[in-house]
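Analysis of the macromolecular model
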Amino acid sequence: MTATVAPADQALWRDAERCYRAVASRDARFDGQFITAVRTTGIYCRPSCPALTPRQENVRFYPTAAAAQSAGFRACRRCLPDAVPGSPEWNVRADLAARAMRLIADGVIEREGVPGLARRLGYSERQLGRVLTAELGAGPLALARAHRAHSARLLIELSELPLADVAFAAGFASIRQFNDTIREVFARTPSQLRAAAAAARRRAGAVEPDAGTAGTRLSLRLPFRPPFDAAGLLGFFAARAVPGVESADEHSYARTLRLPHGAASVTLTPRDGHVRCDLQLADVRDLGAAVTRARRLLDLDADPEAVARVLGADPALAPAVAATPGVRVPGAADGPELVLRAMLGQQVSVAAARTAAARLTAALGDPVPWQDGVLLFPTAEAVAERGHEVLRGPKRRVDAILGAAAALASGEVDVHVGRDPAELRAELLELTGVGPWTADYVLMRVLGVPDVLLTGDLVLRKGAAALGIADDIPALTERAQAWRPWRSYAGMYLWRSSQA
């Protein structure tokens, strides 16, 4: 079934009346969905900022922190407007601006510049700048600058790296640029930010940052919009965890990450109101990419109340939605990895797929330097070259996996978060052995497309039948039209209902 995204309504930040009502009520559900800037103070805040509500005529609204910064506003010290969930709009929308935002958050501009971002998106630099400025209030460089400032603040406050190293790790071209940006955005020098963070830790009795002997260790708090079905996510990952790469139990999920500058490992532990994220990075330049991928793994930018309003309106789904609020769609840490694992799992059980992935990883995975027996999932290049030595099963299936790995390794099929869903789906379906189920599964988990229903999945259809919704594909497809644009989340409820 084709992944279809419903057209986006008018951007929330353009609806000044609605935004001001959210600010006046300090509604945390809107944090990350728009920025509030106060003309009389020169400060921008999150909607739920606890400060005195400004007069409506003194308030302006922006779609991003970068837009507010470009207009001359600085970040509020009290509410830390960059430490909020991201906008769910970037997944609901599949247009150029949304795809660009996902790539910018992954650090593409720091690594490849604006030309690299434009190339990945298939647009000229001029076209890209024009669209981003119109849609987001800032061009690609300003958006990247805001991303660098956020990464720098995390490293300043959570690590013991020398400030000069922080500057270059966050992607700044010079110490002067770093100092100027931090002062402009946060109205403090880097040294003042670090001193304030250290004082706050001492008051709270928190443990000081640990530089570590192998890589850099950091511990962050990742916010989300409640409710949050942590148990469902942890159960999903536990059933599919590849030994050596991943581990999961009822408390946390841990895995290794293959990032642009080196290896990393992350442990995600849901807590009350946030997810604790413990990172170990071979190269601190990968901090932004690691945080972005951790957030996407747990779908932390979702808007569960918007999902519940639509799915809860279906009488058959309503009991499941009420019983398990805040269901999330599990994301993926790496596009090529997810494609290969999905192909390994075709026509076999989840347990058999995990065993096959573990065998492949043990033979071809790269070791993580700081822990014996911990591995990175093999690259597409390694699987294409040596997968025939490890893969088992019918020759047609093995050849299909090797062919897909070769296409991924060569760049013929490029699976990353900035891809257009329809274009990526078409490319995947060109691969031998990839059918609609696999292609749509990749869109749902890698791109975070919220409106995919895997009607070809037997377990999902079993869940639909158990709820009395439908027992065949045409009937399920028709019923699911009412669930748009949240059919991916409906699918998670159907999967769970099949196990009840």
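Residues numbered from 1 in each chain as written. Predicted model: local features only at pLDDT ≥ 70, side-chain atom pairs only at ≥ 80, totals over all residues. Heavy atoms only, no water.

The helix and strand tally for the protein chain stands at 23 helices and 11 strands. Scored against the burial criterion, the 500 residues of the protein chain give a buried share of 56%. A sequence separation of at least 24 residues applies to 66% of the contacts in the protein chain between residues at least 6 apart. For the protein chain, the exposed area adds up to about 21000 Å²; of that, 52% sits on carbon and sulfur atoms. Distance between charge centres in the protein chain, computed from 61 positive and 54 negative side chains, equals 4 Å. (Helix = DSSP H or I, 4+ residues; strand = E, 2+ residues; numbered from the N terminus. Buried < 20%, exposed > 50% of the residue type's maximum accessible area, 1.4 Å probe, protein only. Contact = heavy atoms within 4.5 Å. Areas by Shrake-Rupley, 256 points an atom, 1.4 Å probe, with all protein chains shown as cover. Lys, Arg positive; Asp, Glu negative; His and termini not counted. Charge placed at Lys NZ, Arg CZ, Asp CG, Glu CD.)

Following proline 226, the chain continues into proline 227 via a peptide bond in cis, with omega recorded as 0°. With respect to the helices and strands, the residue proline 227 is situated in the loop between β5 (216-223) and α11 (230-240). Between arginine 484 and proline 485 the backbone carries a cis peptide bond, its omega angle lying at 5°. With respect to the helices and strands, the residue proline 485 is situated in the loop between α22 (473-480) and α23 (487-498). In this structure, alanine 187 takes a positive phi of about 55° despite not being glycine. By the secondary structure assignment, alanine 187 is in the loop between α9 (175-186) and α10 (190-204). Not every positive phi belongs to a glycine, and glutamine 347 is a case in point at roughly 65°. Note that glutamine 347 resides in the loop between α15 (335-344) and α16 (350-364). Note on glutamine 347: relative accessible area 83%, which makes it exposed.

In spatial order, the strands read β5-β9-β8-β7-β6; together these 5 strands make up an open sheet with antiparallel pairing. For this open sheet the edge positions go to β5 and β6 (246-248), each flanked by a neighbour on one side alone. Averaged over all pairs of adjacent strands, the angle between strand axes in this sheet comes to 25°, irrespective of strand direction. Strands β6, β7 (253-259) and β8 (262-271) of the sheet are contacted by α11, whose axis makes an angle of about 135° with β6. (Pairing = 2+ DSSP bridges. Axes fitted to C-alpha atoms, helices over the stretch in contact; angles between N-to-C directions.)

This model, assessed by the stated rule, comprises 0 disulfides. Residue cysteine 45 stays outside any disulfide, its sulfur separated by 3.9 Å from that of cysteine 76, the closest cysteine. (Disulfide = S-S within 2.5 Å.)

Attention now moves to the sheet that holds strand β3 (residues 59-62). The 4 strands lie next to each other as β3-β1-β2-β4, forming an open sheet whose pairing is mixed. Taken across any chain shown, the strands that pair with only one partner, and hence form the sheet edges, are β3 and β4 (74-75). Here strand β1 (residues 35-38) runs beside strand β2 (residues 43-45); their pairing, made up of 3 bridges, is antiparallel. Among the inter-strand pairings, valine 38 is bridged to a residue of β2, identified as isoleucine 43. Of the strands in this sheet, β1 and β3 touch helix α1 (residues 16-24), which is tilted by about 105° from β3.

Glancing now at the packing of aromatic side chains. What the rule picks out here adds up to 10 aromatic pairs. With a centroid separation of 4.3 Å and an interplanar angle of 15°, the aromatic rings of phenylalanine 237 and tyrosine 253 are classed as stacked. Separated by 16 residues along the polypeptide, phenylalanine 237 in helix α11 and tyrosine 253 in strand β7 bring together distant segments of the chain. Through a chain of ring-to-ring contacts, the aromatic side chains of Phe236, Phe237, Tyr253 and Trp495 assemble into a single cluster. The ring centre of phenylalanine 172 lies 5.5 Å from the NZ or CZ of arginine 148, which sits over that ring. (Phe/Tyr/Trp six-rings, centres within 6.5 Å; stacked < 30°, edge-to-face > 60°. Lys NZ or Arg CZ within 6 Å of the ring centre and 35° of its normal.)

Take the side chain of aspartate 457 next. One can find aspartate 457 in the loop between α20 (436-447) and α21 (458-466). Here aspartate 457 sits buried without a salt bridge, and the closest side chain of opposite charge, arginine 461, lies 7.2 Å off (N-O distance). Looking at aspartate 457, its side chain comes within polar contact range of the side chain of tryptophan 495, at 3.0 Å. Setting aside its immediate chain neighbours within four residues, aspartate 457 contacts Trp437 and Trp495. (Salt bridge = Lys/Arg side-chain N within 4 Å of Asp/Glu carboxyl O. Polar contact = N/O pair within 3.5 Å; in protein donor to acceptor, adjacent residues only side chain to side chain.)

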